[in-house]
Structures are given as C-alpha cells and as structure tokens.
Amino acid sequence: MIVPLKSKRFWQDFDWLLLAAALLLSVISITEIYSATMAQGASTYSLRQLAWVAFGVVCLFVISAIDYHLISEHVPWLYVLGLGALLYTLVLGHRVSGSKSWVGFGSLAFQPSELIKMIVVVALARYLSELRSSKYMTFAQIVKACAIVMVPMGLILLQPDLGTTLTYLPVIAVGLFVRGIRPVALVSLVLGFVLVLPVSWMVLKPYQKERILTFMDPDRDPLGKGYQVTQSKIAIGSGGLLGKGVFRGSQNTLGFLPTRHTDFIFSVVGEELGFVGVMTTLGLLSFIIFRSVYNAQTARDNLGLFIVMGVVGVFFFHLIVNVGMVIGFMPTTGIPLPFLSYGGSSVLNAYVALGLVMSVRRCRYVN
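Now for a quick tour of the structure. This is a predicted model, so every value here is computed, not measured. (Residues numbered from 1 in each chain as written. Predicted model: local features only at pLDDT ≥ 70, side-chain atom pairs only at ≥ 80, totals over all residues. Heavy atoms only, no water.)

**Quick look at helix 16 (residues 302–326)**
- End to end, helix 16 covers 36 Å across 25 residues, agreeing with the expected 36 Å (1.5 Å per residue, within 8%).
- Helix 16 sits mainly inside the fold: 20 of its 25 residues count as buried.
- With its phi angle positive at about 85°, glycine 328 sits one or two positions after the end of helix 16. (Helix = DSSP H or I, 4+ residues; strand = E, 2+ residues; numbered from the N terminus. Expected span 1.5 Å × (residues − 1). Buried < 20%, exposed > 50% of the residue type's maximum accessible area, 1.4 Å probe, protein only.)

Encoded structure:
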C-alpha cells in the first residue's frame with residue numbers, strides 16, 4: 001500500500017525529529033566539506049553533496065510513503081537485481097583507490113555495494129520474520145540467514161573492498177541476536193570468527209596489512225602509513241573547546257590532513273568546531289540511532305522490528321568504526337560517517353535507510 005504524500009495521515013505520522021537530526025548533520029557536512037575543499041578551488045564538492053542530500057530527502061519521502069510489507073514482497077527480485085549489479089561492477093566497474101567498486105553514468109559515479117545494503121537488510125528481515133515462532137533458530141536457519149548476507153559480501157570482497165564488506169556484518173549480527181540463537185551457537189560463531197582471523201591475514205593485500213601493523217604501532221611509519229591518523233589526531237586535539245572556527249582550521253585548509261572531506265570529515269569538525277561541535281555531531285547521530293530503536297520497539301510486527309534493527313546495526317557500526325579510525329582506536333578501513341562524509345552513495349544509502357525506518361513507524365497503527 002502506498003499513501004499519497006498529500007494525505008494528512010502521512011504528514012501526521014511522519015517522524016519530523018528524525019528528519020531534522022539528519023538535515024542538521026547534512027548542514028554540518030556540506031559546510032565542512034566546503035571548508036575542506038575550498039583551498040583546492042573545488043567548491044563543486046559541496047554543491048554535489050547538496051544535490052545528493054536533496055535527492056536523498058526525496059527518496060526518504062517516497063520510501064516512507066510505501067508500506068514496508070509491499071517492499072518486502074518485492075525484495076526477492078530486488079535482491080537478484082542487486083547481485084546482478086555487483087557482478088556487473090566486478091566485471092565492468094571503475095577502479096578507484098585499488099577497488100573495482102564504482103559504476104559511472106556520464107559524469108555521475110556511484111557505489112552499488114552501498115545502495116544494495118538496504119536491500120540485504122529487508123531480505124534478511126523478511127526471512128527472519130517468516131521463521132516459526134520458536135525461541136531459538138536452528139543450525140540450518142542460521143546458515144540460510146548467513147547466506148543471504150554472505151553472498152553479496154563475497155562479491156564485494158572480490159572487488160576488493162574490505163571496508164564496505166565489513167559494513168554488512170552488523171546486518172547479520174543484529175538479525176541473529178534479535179531473533180535469538182542458542183548460547184552454544186553464539187559461542188561457536190564467535191570462536192569460528194576468532195579462528196578465521198589468522199587465516200584472513202594471509203588473503204589481505206599488502207596495504208591492508210600495513211594499515212593493521214601501523215595501527216598496532218603508530219610510530220612505525222609516521223610519515224607514511226601512519227601520517228593520516230597522526231594528522232587527524234593533531235587536528236582534533238588542536239580544536240579545543242570551541243574550535244578554531246569554520247574555514248579556519250590549519251590542518252584542514254593548509255592540506256596537512258589527506259582525504260579530509262571523505263572518511264576523515266570528523267577530524268575537520270573537531271578542529272574547526274571543537275569539543276562542542278564533536279559532541280553535537282555525536283549527539284545527533286546517537287539521537288538517530290536511539291530514535292530508530294524506539295521506532296523498532298513500537299513496530300507493528302517482527303518484519304518491521306528486524307528492518308529497523310538492521311538499519312540501527314549499520315548506522316552504529318559506521319559510527320563506531322569511523323570515529324574509532326579517526327582518533328586512532330581502530331585501523332584505517334575507509335568506512336564513511338553517515339550523513340557527514342562526502343559521497344553520493346553513502347548519503348543516498350543513509351536517507352534510504354531512514355525512509356525504511358519511517359515506513360515502519362508510519363504503519364505501526366495500521367490494521
């Protein structure tokens with residue numbers, strides 16, 4: 001069922017607080033992206049980000065007007081279409097920073113692996129919600145649930161894009177945790193993950209191994225692999241309480257901080273807006289996560305619950321890993337900060353995810 005946008009009921013059930021938090025983050029994002037790129041005379045970055053935000057908001061309204069049960073009914077062919085897009089990217093995609101993960105249409109380029117993430121969230125939510133109402137999942141059910149997520153993960157890993165691959169893990173982790181698995185199965189999965197880690201070291205690319213080694217020993221290569229994180233920590237630490245002021249960050253405007261408008265945009269916020277700006281940004285992101293959890297609790301059925309919790313898992317993982325990376329608590333992985341980092345695919349994925357949350361919220365009282 002699709003509710004017309006002109007319907008009074010649609011606007012009454014709409015979560016305006018959630019949209020306001022996302023838009024405030026987008027305002028901070030566009031401002032700091034302009035600050036981070038103005039020294040290069042490249043104001044088009046901020047204009048492009050603005051255009052993607054506008055398109056993302058339109059997508060949010062459209063998706064929130066659609067009953068999530070209707071989206072779930074069509075998710076099988078959307079899933080197959082998504083796998084086809086990943087195969088196409090693997091064969092004919094553009095290679096950027098060593099990963100063949102981009103597809104171009106004229107002057108536009110986007111990352112299918114980001115956009116397909118929400119299809120996987122809905123596909124897994126549908127499978128989990130259709131299981132019999134037993135307390136714990138069986139081994140076969142766990143394997144099927146993992147396969148729904150692992151197949152696209154495998155295709156993305158072949159690109160190879162380890163950072164985006166990892167962002168799919170919270171979808172299956174949160175799904176299994178919320179649905180319920182036996183303690184022995186949970187311990188087995190954790191042990192299996194730990195045992196796979198040494199083997200995964202053998203398949204990592206040399207630059208990925210360097211990132212992990214530099215994370216464990218930051219002084220190992222301070223002017224090479226460790227330069228990015230070192231400059232990031234200097235930028236955040238120099239911001240103080242109120243920051244140096246917008247467009248006045250020396251680490252930012254003088255170009256000491258590489259990739260500052262993408263994965264390290266949080267460093268620019270810390271330097272120019274200080275502790276207050278950092279807490280405001282984290283507060284808005286936390287509000288979106290907790291507000292979404294509230295919407296999950298009031299969902300009409302398990303399908304809505306699993307969809308929203310899948311979105312929450314993705315947002316939480318991006319937040320923890322990106323901020324941890326920027327302050328040197330985690331290895332550099334190239335995972336963007338939702339609503340903040342430059343990039344059309346990331347922005348669009350974030351607003352589509354919010355659209356799903358609002359669809360679940362809007363249908364909570366529908367019989």
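**A few points about the packing of aromatic side chains**
- Counting across every chain of the model gives seven aromatic pairs.
- Geometrically, the ring pair formed by tryptophan 52 and phenylalanine 55 is edge-to-face, given 6.2 Å between the ring centres and 65° between the ring planes. Of the two residues, tryptophan 52 and phenylalanine 55 are both situated in helix 3 (residues 44–65); the distance of three residues between them amounts to about one turn of the helix.
- Grouped by ring-pair contacts, the aromatic residues Phe14, Trp16 and Phe61 constitute a single cluster. (Phe/Tyr/Trp six-rings, centres within 6.5 Å; stacked < 30°, edge-to-face > 60°.)

**A few points about the pattern of salt bridges**
- Taken as a whole and assessed by the stated rule, the structure comprises five salt bridges.
- In this structure, aspartate 15 and arginine 361 form a salt bridge, with 3.9 Å as the shortest nitrogen-oxygen distance. Linking aspartate 15 in the loop between helix 1 (8–13) and helix 2 (16–37) with arginine 361 in helix 17 (residues 344–362), this pair joins segments that are 346 residues apart in sequence.
- Salt-bridge contacts for arginine 126 lead to glutamate 130; the nearest nitrogen and oxygen are separated by 3.2 Å.
- Among the charged side chains, a network of salt bridges with common partners joins Asp15, Arg291 and Arg361. (Salt bridge = Lys/Arg side-chain N within 4 Å of Asp/Glu carboxyl O.)

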